[in-house]
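Architecture and fold: a report
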Amino acid sequence: TINSHTSNLWSIPTDCPQREKRGWMGDAGISSLSLQEFFDSFAFHANFLRRIADNQRKGCTDQPTTNNGHPCQHQGAEPAAQWFNGSVPDVVPLPTSPYGGNPGTVDWQAAFIMIGGNMLKSYGKERTSPLLNELWPHYVSLMDYYERNVDKGTGLLLQGARGDWVPPVNTAKPTGAEPTAAFFHTLCVQYMSEIATAIGRSADAARYSKRLTTNRKAYHSKFYNKTGKSCCYGSGSQTNNIYALYIHAVPTKSIEDETVQALVSAIHFHNKSVDDSRVVERSVSDESAVAPVPPWGDGPHLDMGIFGTTFVFDVLKAHGLDDLGFQILNRTDYPSLGYMIAQGSTTLWEGWTGTRNLIGEATSRNHIMFGGGVIRFLATQLVGLPSNAHDDAGLSISPAKWAIGNLRQMSGTRDMARGRVVVAWARTNDQPRTLELNVSLPSLSAAHIRV
């Protein structure tokens, strides 16, 4: 994941360094928190956010037409320039062709707000507030554009998303575009409330906080399956249940337990939708090479695309399921991140399939879009490094039970607002077990340590 990060930083966060080399917003948004936690990317991301604002300011109707249709042709009564005001493209800077639409899809446009909100989490209010104040009118303009597309019956944004991008070829249950659009709109509402609070816009914070409550209730009402046949949200896919849990749309403890159990079951037991799926896999020497999709391995696997993969480890961690997260990461059969490693990969792929010599359903062997959550999970749960970089109540240092039980030693560092945190632990013997834990904190910092 680190390799995919660093090789995709070329004045903008790119999708891959060998093919398009474009600033695809979807990739940039979901990988931003990971990049910020492991590098000081403040200036880098501030520059990119200002480029997004430049593209937004220019306006959809003034941008060059891409080869992906003509999104500025609005069918309603409002003039196109008015309707599309505030939207941003899929790719920044927007090229003339053939990459990306303008406006972008909901889930790709959301990166504009996500990156800023993640900067607030990573670098704190004092450092980030001037930039967020500068961007605030642009953020409100994008949210107003989202609002113009909201479904009047449900109050949710249900259109204009790609869905959980690039799940396994033989995925059991599709996630769908509607819950993805509603999820990212709701997530942006949450970020807007947090940003408004940080920069002292109390009225705006209250407005977005109220909308967040409304969205959560509407999300549950729209997507919860009361029959239990496809428990529990939408199609019952892993990602659908992750969406609901991550934005706290699940209203009661009993439904939450039911949803978590459905997610765990779906991770452990997979039923292919197609038994004999095949995908064209290309090699440099033979463009017509065809290879079958690898058989689905036994045990826990991720049946999801880039969005599910970004948020699944946060959801598992929040519900005390670290051990399941590590079981997933220790798989080397299809589909898994470990499968890529087993095929000789040193960077993340653009899709789940492929072999050492054949490229699978997607052509890039160096893509960051699957890496938004995994390295943060490893740092916090293996080493115990804090993720709450600016929590005045104290940093949280807590290596997971699975890590201490299965590994001999771990160490790592993280640069925080006040300085560097160093965590190192080792099991010195097995009978009786003895754990030595060393923590170094910046001056004037406090930490809660739990083992």
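Residues numbered from 1 in each chain as written. Predicted model: local features only at pLDDT ≥ 70, side-chain atom pairs only at ≥ 80, totals over all residues. Heavy atoms only, no water.

Now for the pairing of strand E4 (residues 409-415). Pairing analysis gives seven bridges linking E4 to strand E5 (residues 420-429), with the strands arranged antiparallel. Counted as the bridge partner of Gln409 is Ala426 from E5. Count of turn residues in the E4/E5 antiparallel hairpin: four residues, of which Gly419 carries a positive phi of about 150°. (Pairing = 2+ DSSP bridges. Helix = DSSP H or I, 4+ residues; strand = E, 2+ residues; numbered from the N terminus.)

Our focus in this paragraph is the state of the cysteines. Two cysteines form a disulfide when their sulfur atoms are joined by a covalent bond. Under the definition given, this model contains one disulfide. The side chain of Cys231 participates in a disulfide bridge whose partner is Cys232; the two sulfur atoms lie 1.7 Å from each other. You'll find Cys231 and Cys232 in the same group, each marked buried. (Disulfide = S-S within 2.5 Å. Buried < 20%, exposed > 50% of the residue type's maximum accessible area, 1.4 Å probe, protein only.)

Turning next to the side chain of Asn240. Looking at where Asn240 falls in the secondary structure, it is placed in helix H9 (residues 238-246). Polar side-chain contacts of Asn240 include one of 3.2 Å to the backbone oxygen of Thr175. A polar atom in the side chain of Asn240 sits 3.0 Å from the side chain of Ser235. (Polar contact = N/O pair within 3.5 Å; in protein donor to acceptor, adjacent residues only side chain to side chain.)

Between its first and last C-alpha atoms helix H6 (residues 111-148) spans 19 Å; for 38 residues at 1.5 Å apiece the expected length is 56 Å, and the helix comes up short by more than 12%. Roughly 135° is the biggest bend found in H6, and it falls at Gly124. Here H6 lies mainly inside the structure; 27 of its 38 residues are buried. (Expected span 1.5 Å × (residues − 1). Bend = angle between axes of the 7 residues up to and from the residue.)

Take the pairing of E5 next. Where E5 meets strand E6 (residues 434-440), seven bridges bridge the pair, whose relative direction is antiparallel. Note that in E6 the partner of Ala424 across the bridge is Asn438. Here E5 folds back onto E6 in antiparallel fashion, the turn holding four residues.

A few words on the sheet that holds E4. Strand order in this open sheet of three strands is E4-E5-E6, and the pairing throughout is antiparallel. Taken across any chain shown, the strands that pair with only one partner, and hence form the sheet edges, are E4 and E6. For this sheet, the mean inter-axis angle between neighbouring strands, taken without regard to orientation, is 10°. Contacting E4 and E5, helix H14 (residues 374-383) crosses the sheet at an angle of about 125° to E4. (Axes fitted to C-alpha atoms, helices over the stretch in contact; angles between N-to-C directions. Contact = heavy atoms within 4.5 Å.)

In this section: the packing of aromatic side chains. With the rule as written, the count across this model stands at 22 aromatic pairs. Plain terms: the ring middles of Tyr145 and Tyr146 are 6.5 Å apart, the flat faces sit at 40° to each other, and that makes the pair tilted. Per residue, the accessibility class of Tyr145 equals that of Tyr146, and both read buried. Members of the aromatic cluster, each reached through a chain of ring pairs, are Trp108, Trp165, Phe183, Phe184, Tyr243, Tyr246, Phe307 and Phe311. We note Arg127 situated over the ring of Tyr123; from NZ or CZ to the ring centre the distance is 5.1 Å. A cation over an aromatic ring shows up here: Arg365 above the ring of Trp349, its NZ or CZ 4.3 Å from the ring centre. (Phe/Tyr/Trp six-rings, centres within 6.5 Å; stacked < 30°, edge-to-face > 60°. Lys NZ or Arg CZ within 6 Å of the ring centre and 35° of its normal.)

Core analysis: the largest hydrophobic core is formed by 109 residues, its most contacted members being Phe112 and Tyr219. Per-element accounting of this core gives the leading share, 18 residues, to H6. Once residues within four sequence positions are removed from consideration, Phe112 is found in contact with Met25, Leu49, Ile52, Ala53, Gln56, Val88, Leu135, His138, Tyr139 and Leu142. In terms of nonpolar packing, the next biggest core, distinct from the first, is built from eight residues, Leu385, Leu395, Ile397 and Val421 among them. (Core = buried A, V, L, I, M, F, W, Y, C linked by side-chain atoms within 4.5 Å.)

Backbone torsion omega between Asn102 and Pro103 reads 5°, so that peptide bond is classified as cis. The topology assignment puts Pro103 in the loop between helix H4 (80-83) and helix H5 (106-109). Between Cys231 and Cys232 the backbone carries a cis peptide bond, its omega angle lying at 5°. The topology assignment puts Cys232 in the loop between helix H8 (202-223) and H9. Notably, Ser11 is not glycine yet its phi reads approximately 70°, a positive angle.

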